[in-house]
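Residues per chain, in single letters:
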Amino acid sequence: MEPRLTWTLCTVLIVAFVTSSASGEDDRNLKFCGTWHHGKGPLWLNVNLTTGCDRIVVSANQTALSVMGKITAQCTSLDTVPLTHIKPTEERTDFCVYWEPLLDQLKLKIGKEVLPLCSPASLKDHCCTYLSHGANSYETTFGIAEGHVRNDLVSHKTWASYEFNGSFINCRETFCDQASQGSTHLNMPEENTQNPCAQSTALKLEDSVTGYNVTLSPPQGVVQGATPSIHLPPALKKATKFNNEVVCTYFRNNSLFQEAPTNAKILIDVVSITIDNEIIKDLSEPIKISFHHNVIHKTHSRKCVSWDTRKDPLKVNWLDEGCQTQVKGEKQTECHCNHLTYFTVLVQLEPKPVRHLLALTVITSLGCAVSFISCIILIVYLCRKNRRSKELSIPIHMGLAVSLALLNLLFFFTGVLANVCESMCVWVGPALHYALLSSLIWMGIEIFHTFWLVQMVFSPTPKAWIWNLVGFGAPAVPVIVLAIIPDIYGVRKIYQTDVSDPYKMCWMTDNDNALLAHYVINLTLLAIVVSSGLVMLFLVYREIRNRAEWRQNRVAFFSIWGLSVLFGTTWILNFLNFGPFTDFIHFVSTILNSFQGFLLMLRFFMLDRMRKQAGGSVLGSSSTGSTRQHMLQTQERS
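Here's what I pulled together on the structure shown here.

### Some details on the state of the cysteines
And step 1. With the rule as written, the count across this model stands at 7 disulfides.
And step 2. The disulfide partner of Cys53 is Cys128, and the gap between their sulfur atoms is 2.1 Å. Its S-S torsion of approximately 65° makes the covalent link between Cys53 and Cys128 right-handed. With Cys53 in the loop between strand S2 (44–51) and strand S3 (55–60) and Cys128 in strand S9 (residues 126–133), the pair connects residues that are 75 residues apart, well separated along the chain.

And the structure:
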């Protein structure tokens with residue numbers, strides 16, 4: 001019995017040790033969750049945090065949720081923020097408060113939003129930890145129900161507030177130093193074997209010609225050379241006014257920083273460079289931060305981003321303003337930034353970067369310029385022709401020419417305007433979207449009118465004012481609706497594989513709402529127009545293939561080619577840019593679509609020339625009953 005008793009005692013001791021280690025780490029941090037019972041009116045968040053170690057109080061009433069206390073080492077905050085993301089009709093909202101003393105980090109998850117009440121910082125020896133649940137206040141109708149500390153239920157009742165008291169201890173000695181020695185974990189998963197404290201390096205700035213190079217110490221489990229390295233330029237010392245000590249902090253696997261758009265991903269490495277009581281920006285020489293990471297393939301673009309806590313204190317908002325990206329290889333990215341804050345690398349998952357973007361941009365600009373001039377010439381030609389004859393198709397051709405002229409003019413200048421004055425994109429973006437939708441709708445009208453003439457020869461066509469109402473009025477409806485929604489129109493950045501800086505244009509942005517609108521409106525309309533055009537080409541071919549003139553190769557080619565330009569069927573290439581022929585399709589699509597205005601003008605001039613050469617016999621006259629038989633002039637009906 002004695003050996004069995006000894007084995008049982010050993011087992012109990014091991015389990016108790018592992019449990020105490022894990023629970024000790026849980027006790028170090030605070031996770032308090034509950035359900036906020038509130039009213040239906042506007043809701044607010046009140047934050048009042050000061051340094052020290054006393055207590056934190058989470059309270060709620062009909063209109064506001066409050067987080068107040070004295071537990072932070074460096075963070076102070078006094079703010080009232082509207083909670084606009086919570087629907088007014090909801091009367092219950094789940095929330096959680098997270099306190100991580102080793103990072104001086106306090107965050108609030110309310111609904112689906114994560115709000116950083118105190119952003120992460122380096123540890124200053126002592127911290128406020130082991131927060132214990134104190135006394136609740138009073139029971140009420142509007143307040144916090146289903147209060148949980150970690151996974152333990154405190155009360156089902158609705159209380160006005162919950163209070164937690166902290167203990168002030170030497171956290172660096174208790175947690176960080178012991179973790180570095182590997183004495184606080186036993187058979188823990190790999191992600192938990194890291195030092196829980198952020199790695200910091202403090203440097204006293206002095207006058208230097210070359211600046212300073214800083215290599216951050218790797219946490220436990222990270223090999224030497226895999227951590228970011230920093231170069232501080234001499235201009236940083238000149239920009240300081242009161243304090244010369246710069247602190248560089250390395251964060252790894254911090255969930256707060258992983259907030260990113262759905263089509264992008266943030267590296268697990270984040271670097272903070274700060275100087276207490278100083279705001280450093282617009283440096284004459286950039287700070288250089290070199291990130292080492294896993295392989296990032298060329299199909300995914302990357303850019304250096306920073307989070308300005310002064311502009312967005314309660315939301316992690318990664319922006320590329322003030323940073324330039326230098327791609328040093330598949331495993332290294334260097335960021336050149338002119339300010340101090342948090343830095344990392346954002347990897348773009350969708351859309352994929354475009355190859356040969358410079359060449360495609362040149363072709364597009366040339367095509368748009370030529371097409372705009374061609375459309376103006378075509379408009380003059382159609383105006384003169386309309387005086388001599390009263391063909392019902394001329395107003396439709398005129399509408400298509402006007403919409404294409406506007407589209408090519410705006411597209412030619414959109415890149416220039418986005419780089420010169422980004423604020424204009426709020427107006428240019430909707431105008432460009434309107435021109436695109438108008439052009440697609442007029443192509444659809446051309447298709448419908450052709451169907452009417454080919455299949456319904458003896459029925460009168462709709463009046464010209466109806467076509468104008470549909471072609472110019474209908475596109476304005478979705479554009480006006482989208483313009484009311486914030487952040488739909490603005491600067492759109494297109495990334496390229498061979499150049500780090502993106503191409504900017506005024507268009508729909510790349511946020512979730514704008515992408516949804518693009519797929520639902522633009523691509524749906526384009527798919528309808530292209531598919532209808534292909535069907536109409538087949539119907540026309542079936543109607544006129546038995547004519548003697550159709551057997552002439554020249555006439556047959558120009559018949560299909562001319563109608564393809566009118567119907568915009570070349571836009572089908574936008575759906576085929578995948579696979580091994582992506583680059584080829586990109587170039588062919590760019591050439592055909594950007595020169596569509598020129599090809600449209602060419603179509604009408606060649607039609608006139610062939611009509612004159614044939615003396616009206618080859619293409620048929622415009623007399624009653626002959627329109628169905630026309631090839632190049634399928635839509636011409638008097």
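### Let's talk about the pairing of strand S23 (residues 332–337)
And step 1. Burial runs high along S23: 5 of the 6 residues are buried.
And step 2. Alignment of strand S19 (residues 287–292) against S23, held across 6 bridges, turns out to be antiparallel. Within the sheet, the bridge partner assigned to Ile287 lies in S23 and is Cys337.
And step 3. As paired elements, strand S22 (residues 323–329) and S23 share 6 bridges and run antiparallel to each other. Each bridged residue has a counterpart across the sheet, and for Gln324 the counterpart in S23 is His336.
And step 4. Connecting S22 to the antiparallel partner S23 that follows it, the hairpin turn spans 2 residues.

### Concerning the packing of helix H5 (residues 394–420) against helix H6 (residues 425–455)
And step 1. It is the contact of H5 with H6, at a shortest axis distance of 8 Å, that shows an interaxial angle of 155°. Taken together, the axis directions place H5 and H6 in an arrangement best described as roughly antiparallel. As H5 runs across H6, the sense of the crossing is left-handed.
And step 2. Across the contact of H5 with H6, the residue classes tally to 20 nonpolar, 7 polar and 1 charged.

### Describing the nonpolar core
And step 1. Grouped together as the largest cluster of nonpolar side chains are 52 residues, with contacts concentrated most on Leu378, Met508 and Leu600.
And step 2. Those elements that place two or more of their residues in this core are helix H4 (357–388), H5, H6, helix H8 (476–484), strand S26 (503–508), helix H9 (512–544), helix H10 (553–567) and helix H12 (596–614).
And step 3. Here this core takes 11 residues from H6, the largest share from any one element.
And step 4. Judged by nonpolar contacts, the second largest core, of 34 residues, contains Val97, Leu106, Ile110 and Val149.

### As for H6
Every α-helix carries 3.6 residues per turn, so stepping three or four residues along brings you back to the same face.
And step 1. Counted at 1.5 Å a residue, the expected span for H6 with its 31 residues is 45 Å, and the 44 Å between its end C-alpha atoms agrees.
And step 2. For H6, a buried count of 23 out of 31 residues is recorded, marking the element as mostly surrounded by other parts of the structure.

### Concerning the side chain of Thr72
And step 1. For Thr72, the position within the fold is in strand S4 (residues 64–72).
And step 2. Here Thr50 takes part through its backbone oxygen, which lies 3.2 Å from a polar atom of the side chain of Thr72.
And step 3. In this view, Thr72 contacts Thr50, Thr51, Gly52, Trp99, Asp104 and Cys118; residues no more than four positions away in its chain are not counted.

### Regarding a positive patch on the surface
And step 1. Positive charge collects at one region of the surface, where Arg384, Arg387, Arg388 and Lys612 lie side by side.
And step 2. No other element matches the 3 residues that H4 contributes to the positive patch.
And step 3. Here Arg384 lies in helix H4.

About the cut-offs
- Residues numbered from 1 in each chain as written.
- Predicted model: local features only at pLDDT ≥ 70, side-chain atom pairs only at ≥ 80, totals over all residues.
- Heavy atoms only, no water.
- Disulfide = S-S within 2.5 Å.
- Helix = DSSP H or I, 4+ residues; strand = E, 2+ residues; numbered from the N terminus.
- Buried < 20%, exposed > 50% of the residue type's maximum accessible area, 1.4 Å probe, protein only.
- Pairing = 2+ DSSP bridges.
- Axes fitted to C-alpha atoms, helices over the stretch in contact; angles between N-to-C directions.
- Parallel < 35°, antiparallel > 145°, perpendicular 65-115°, else oblique.
- Left-handed = near helix turned anticlockwise from the far one by under 90°.
- Nonpolar A, V, L, I, M, F, W, Y, C, P; charged D, E, K, R; others polar.
- Core = buried A, V, L, I, M, F, W, Y, C linked by side-chain atoms within 4.5 Å.
- Expected span 1.5 Å × (residues − 1).
- Polar contact = N/O pair within 3.5 Å; in protein donor to acceptor, adjacent residues only side chain to side chain.
- Contact = heavy atoms within 4.5 Å.
- Patch = residues over 30% accessible without salt bridge, like charges linked within 9 Å, V, L, I, M, F, W, Y side chains within 5 Å.
- Areas by Shrake-Rupley, 256 points an atom, 1.4 Å probe, with all protein chains shown as cover.
- Salt bridge = Lys/Arg side-chain N within 4 Å of Asp/Glu carboxyl O.
- Lys, Arg positive; Asp, Glu negative; His and termini not counted.
- Charge placed at Lys NZ, Arg CZ, Asp CG, Glu CD.

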